[in-house]
Amino acid sequence: MKTYYLAVISLFILCACDATPDNTAETASPTAKKYQHAILSFGTVIDVTVLSTDEALAQQAFNTLDEDFEYWHRVWNPWLNGPLARVNSLIPTKAAFSLPLHLIPLIRQSQDYYQQSEGLFNPAIGQLINLWRFHEHEKDNKQPPDKQQIDALVAANPSMQNLQLNNIQLQSDNESVQLNFGAFAKGFAIQRSIQTLKKLGIEQAVINAGGDLKVLGQHIDRAWRIGIRHPRDKQTVIASVEASNEESVFTSGDYERYFIFNNTRYNHILDPRTGYSANLSQSVTVIDNDAGLADAAATALFVAGPEHWHRIAQKMGIKFVMLVAANGDIHMNPAMAQRIQLNSQGASVTISEKL
Ligand code: ADP
Ligand code: MG
């Protein structure tokens, strides 16, 4: 089951990061070559592509990213017995305690995105996430948790605003807060990794985590071409878009972690207002220069759905959005419409001027 899951992701990476018609061309300029490396982290394959004239530099970059991702995976994982688990065990005491430094920017940024998204992006709902157990891979025999338990956790109202951050001291005034950065940490790590590649002197690269990616520079002499997966057909690309310089393209969807129970589909993105899976969208794609913001926003807009995504995108400062609604209708803003090539015959497409 797990092997199958990874194989599907690997297949998709091929079309996600480089769907240029002539991707047989391995040479970036007379001497620059394409180097590729896969890292298993954050529960997925992180595929790193570097174009460089210097093979040793590419290898050095891969080694550095191997170490960084291993570290981030360990320290930001709520289920390993590491620093985030320690923080989560101290939060319910409601006393102030010292944070490890690597968690401070994650918490700070998350508090901003929590507010801008009207609480739809809410990494404080760790208890609800644990209750649903989407992180456990098996799909069979899954059913929603007990409604009373869900309702109790929603009523406890854990929010990022319950946390006071004072230098390195954290204190919660709500004992139900448990942090889970599953909707944000991967983007945040990819953002940092591209900065690392730049510092090493690399000018052209892509870091692609199963279709969530950030580019650096150009692919040879033109933009990188990105395929966006059809949410209901994993073999098909619903749209493609060009990205260059430091753009990130992030998609949140209901197709990677989900189960079906009594003909209802339950996916891993939860609506913090109900405690149940957000069910208004099939997928949301966001483009932004900041991969952490793109990751958080894709999750928030997925929850917001076709009626409210414009307002949340505007508050989060997002300029490019495509949302596939639960009924398959496609929604986007004019700026996205101008740059995206749709590959979906017959779908209803609404271009909203509200963003
Ligand atoms: P992926 O990581 O598959 O690209 P997302 O970025 O949308 O998907 O993150 C989904 C993960 O974030 C879930 O598996 C869960 O751990 C966590 N999560 C679920 N709902 C929310 C939410 N409303 N706000 C913040 N985090 C969430
Ligand atoms: Mg996300």
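No experiment lies behind these values; they were computed from the predicted model shown.

1. What about the environment of arginine 108?
- Its location among the elements puts arginine 108 in helix H4 (residues 104–116).
- Given a relative accessible area of 44%, arginine 108 falls into the partly exposed group.
- Taking the C-alpha atoms as reference points, arginine 108 and leucine 163, separated by 55 residues in sequence, lie 9.8 Å from one another.
- Not counting chain neighbours up to four residues away, the residues in contact with arginine 108 comprise Leu165 and Asn167.

2. As for the coordination of the magnesium ion (ligand 2)
- Around the magnesium ion (ligand 2), the protein contributes the donor atoms Ala183 (O), Asp295 (O), Asp295 (OD) and Thr299 (OG1), at 2.0 to 2.5 Å from the metal centre.
- The sequence pattern describing where the donors of the magnesium ion (ligand 2) fall on their chain is A-x111-D-x3-T. Of the two residues, alanine 183 is situated in the loop between strand E5 (169–172) and helix H7 (185–199) and aspartate 295 in helix H8 (residues 291–316); the sequence distance between them amounts to 112 residues.
- On the accessibility criterion, alanine 183 (23% relative accessible area) is partly exposed.

3. Observations concerning the sheet that holds strand E9 (residues 233–243)
- If you trace the three strands from one edge of the open sheet to the other, you get E8-E9-E16, paired in antiparallel fashion. Two strands bound the open sheet, and with one partner strand each, they are strand E8 (224–230) and strand E16 (340–342). Strand-to-strand twist in this sheet, taken as the mean axis angle between neighbours without regard to direction, amounts to 30°.
- Here E8 runs beside E9; their pairing, made up of seven bridges, is antiparallel. Across the sheet, residue isoleucine 228 finds its bridge partner in E9, namely alanine 239.

4. Points about the site of ligand 1
- Close to ligand 1 lie 18 residues, the nearest being Leu120, Asn122, Ser252, Leu270 and Thr299.
- A distance of 3.1 Å separates an oxygen atom of ligand 1 from a polar atom in the backbone of alanine 183.
- Contact between ligand 1 and leucine 270: a nitrogen atom at 2.8 Å from a main-chain N or O atom of the residue.
- Burial of ligand 1 by the protein amounts to 91% of the accessible area it has alone, namely 580 Å².
- Tallied by class, residues from the shell around ligand 1 come to nine nonpolar, six polar and three charged.

5. Brief notes about the sheet that holds strand E3 (residues 97–98)
- If you trace the three strands from one edge of the open sheet to the other, you get E3-E5-E4, paired in antiparallel fashion. The sheet terminates laterally at E3 and strand E4 (163–166), the two strands that pair on one side only.
- For E3 and E5, the ladder comprises two bridges, and the chain directions are antiparallel. Bridged to phenylalanine 97 within E5 is leucine 170.

6. Let's talk about the packing of H7 against H8
- Remark: H7 packs on H8, axes separated minimally by 7 Å, with the N-to-C direction vectors making an angle of 160°. Classified by the angle their axes make, H7 and H8 are roughly antiparallel. Remark: the crossing between H7 and H8 carries right-handed chirality. Judged by residue contacts, Ala185, Lys186, Gly187, Phe188, Ile190 and Gln191 of H7 engage Ala291, Gly292 and Asp295 from H8.

7. Structural notes on H4
- With 13 residues, H4 should reach 18 Å at 1.5 Å per residue; the first-to-last C-alpha distance of 19 Å fits that figure.
- Of all the positions in H4, only Ile104, Leu106, Ile107, Ser110, Gln111, Tyr113 and Tyr114 are classed as buried.
- Where H4 is buried, its residues contact E4, E5, H7 and H8.
- Glutamate 118, located one to two residues past H4, shows a positive phi value of around 55°.

8. Section: the pattern of salt bridges
- Taken as a whole and judged by the stated rule, the model has 13 salt bridges.
- Close ionic contact of arginine 74 with glutamate 70 constitutes a salt bridge, the shortest N to O distance being 3.4 Å. Highlighted residues: arginine 74 and glutamate 70, both in helix H2 (residues 55–75), separated by four residues, approximately one helical turn.
- For lysine 315, the salt bridge identified is with glutamate 118, shortest N-O distance 2.6 Å. Taken as a pair, lysine 315 in helix H8 and glutamate 118 in the loop between H4 and helix H5 (126–132) lie far apart in primary sequence, 197 residues in all.
- Among the charged side chains, a network of salt bridges with common partners joins Glu118, Arg311 and Lys315.

9. Describing unusual backbone geometry
- Within the chain, asparagine 245 stands out as a residue other than glycine whose phi angle is a positive 60°.
- Position of asparagine 245 relative to the elements: it lies in the loop between E9 and strand E10 (248–253).

10. Quick word on the pairing of E8
- E8 sits mainly inside the fold: seven of its seven residues count as buried.
- If you look at the hairpin formed by E8 and E9, you'll find two residues sitting between the two strands.

11. Thoughts on the confidence of the model for the chain
- Residues of the chain with pLDDT of at least 70 account for 91%, and the chain-wide mean is 91.
- Residue range residues 1–25 is modelled with pLDDT below 50. Its contacts to residues more than four positions away, or to other chains, number 44 contacts.

12. Here's the deal with the environment of aspartate 54
- Among the secondary structure elements, aspartate 54 is positioned in the loop between strand E2 (44–52) and H2.
- Between the C-alpha atoms of aspartate 54 and threonine 31, which are 23 residues apart in sequence, the distance is 9.0 Å.
- Here the side chain of aspartate 54 touches alanine 56 through a polar contact of 3.1 Å, landing on its backbone nitrogen.

Definitions and limits used
Residues numbered from 1 in each chain as written. Chains lettered and ligands numbered in written order. Predicted model: local features only at pLDDT ≥ 70, side-chain atom pairs only at ≥ 80, totals over all residues. Heavy atoms only, no water. Helix = DSSP H or I, 4+ residues; strand = E, 2+ residues; numbered from the N terminus. Buried < 20%, exposed > 50% of the residue type's maximum accessible area, 1.4 Å probe, protein only. Contact = heavy atoms within 4.5 Å. Donors = N, O, S within 2.8 Å, 3.2 Å for Na, K, Ca; no water. Pairing = 2+ DSSP bridges. Axes fitted to C-alpha atoms, helices over the stretch in contact; angles between N-to-C directions. Near = heavy atom within 4 Å. Polar contact = N/O pair within 3.5 Å; in protein donor to acceptor, adjacent residues only side chain to side chain. Areas by Shrake-Rupley, 256 points an atom, 1.4 Å probe, with all protein chains shown as cover. Nonpolar A, V, L, I, M, F, W, Y, C, P; charged D, E, K, R; others polar. Parallel < 35°, antiparallel > 145°, perpendicular 65-115°, else oblique. Left-handed = near helix turned anticlockwise from the far one by under 90°. Expected span 1.5 Å × (residues − 1). Salt bridge = Lys/Arg side-chain N within 4 Å of Asp/Glu carboxyl O. pLDDT = per-residue confidence, 0-100.

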